[in-house]
Amino acid sequence: MTPDALCLFALDASRPFGERVATALGIALASHEEREFEDGEHKARPLENVRGKDVYVIQSLYGEPGMSANDKLVRLLFFIGALKDASAGRVTAVCPYLAYSRKDRRTKSRDPVSSRYIAQLFEAVGTDRMVTLDVHNPAAYQNAFRIPAEHLEAQGLFVAWFAAHLEDEPIVVVSPDAGGVKRAEAFRRALSQALDRPIGAAFMEKRRSEGVVSGEAVVGDVGGRTAIILDDLIGTGTTLARAATACKALGANRVYAAASHGLFVGAAGAVLADPALDKVLVADSIPPFRLPPALLGSRVDVLASAPLFAEALYRLHSGGSLVELLQV
């Protein structure tokens, strides 16, 4: 790639991911400064001229020890404001994981619609474009923003992995709830095309009340097949474990799970060690720092999404097609 005039920053909290994107683009990260003050405030500024440039800023908005998702959000917003004040031509926020995107509608009276508030914050500081990976509800995400909101998908990463590892096995793709059926169906079609053979489909019932998930019924035939449970995010892992146990009880040979984002909060490490799950795949939008190291590479594989982001940014910069990029 030769992305002339493309200027890429990665804030400190997401610098490792940003370096991988920069390497894939064949450029160096632009220089910036972040300073902490004793009262908890901070400042960030670019250390090079951005006037008139096409600028991209990487910051994945997940919480971690010492820095909450809110901290990262404020730092990103302030840095974008500084870039706009420095006369950047266009500023694109690149958030591999976008905090608050799951809260995209009111499920109880007087509930917040946090995804819309996040959009308003980005727009208020002058953000020209958003880029993220696999939000819970792409339509709600795109409708929340008045600026272009690009939605990348990890589907191609998962299709490539499973096509290489499950060449001859009978497969069924399972959605862990009815709401994820469209996502699972798109993945099933892509994997079926990659393997050039039919693949089954199934989904589970799911009920959630006060944070408690229930429901064990599976609609579809999983017996004698390798089940792939597809979701957008793994939190505590209880949804995947529940689906895996149900599939094994119905005679599934093996059970894999794939999700774009691995938060792995609470007792997720213990849950994912359940023998009902043979392997879990996640993208690297969130580093798996909460998992026991023994699980990585054995029970949990982390797939690189930086090349996908690099290609997306190059196409946005050069006027290429994201539609073609996301076609598996």
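**Focus: the environment of Ile118**
Structurally, Ile118 can be placed in helix α3 (residues 114-124). Residue classification places Ile118 among the buried residues on the basis of a relative accessible area of 6%. Note: C-alpha distance between Ile118 and Ala99 (19 residues apart in sequence) is 8.5 Å. With sequence-adjacent residues up to four places away left out, Ile118 is seen in contact with Leu73, Leu98, Ala99 and Tyr100.

**A word on unusual backbone geometry**
With phi around 65°, Arg110 is a residue other than glycine that occupies positive phi space. Note on placement: Arg110 falls in the loop between β5 (90-95) and α3. Assessed through its relative accessible area of 77%, Arg110 is described here as exposed. For Asp196, which is not a glycine, the phi torsion comes out positive at approximately 55°.

**What to know about the pattern of salt bridges**
Taken as a whole and assessed by the stated rule, the structure comprises 18 salt bridges. The salt bridge involving Arg20 is made with Asp284; its shortest N-O contact spans 3.4 Å. Placement of Arg20 in helix α1 (residues 15-25) and of Asp284 in the loop between β15 (279-283) and β16 (300-303) is noted, with a sequence separation of 264 residues between them. What makes Asp284 buried here is its relative accessible area of 10%. A salt bridge links Lys248 to Asp278; its shortest N-O distance comes to 3.6 Å. Residue Lys248 is found in helix α7 (residues 238-249), and its partner Asp278 is found in the loop between α8 (268-272) and β15; the two are separated by 30 residues along the sequence. According to the relative accessible area criterion, Lys248 is partly exposed, its value standing at 28%. A single network of salt bridges, built from pairs that share partners, joins Glu34, Glu36 and Arg75.

Calculation criteria
- Residues numbered from 1 in each chain as written.
- Predicted model: local features only at pLDDT ≥ 70, side-chain atom pairs only at ≥ 80, totals over all residues.
- Heavy atoms only, no water.
- Helix = DSSP H or I, 4+ residues; strand = E, 2+ residues; numbered from the N terminus.
- Buried < 20%, exposed > 50% of the residue type's maximum accessible area, 1.4 Å probe, protein only.
- Contact = heavy atoms within 4.5 Å.
- Salt bridge = Lys/Arg side-chain N within 4 Å of Asp/Glu carboxyl O.

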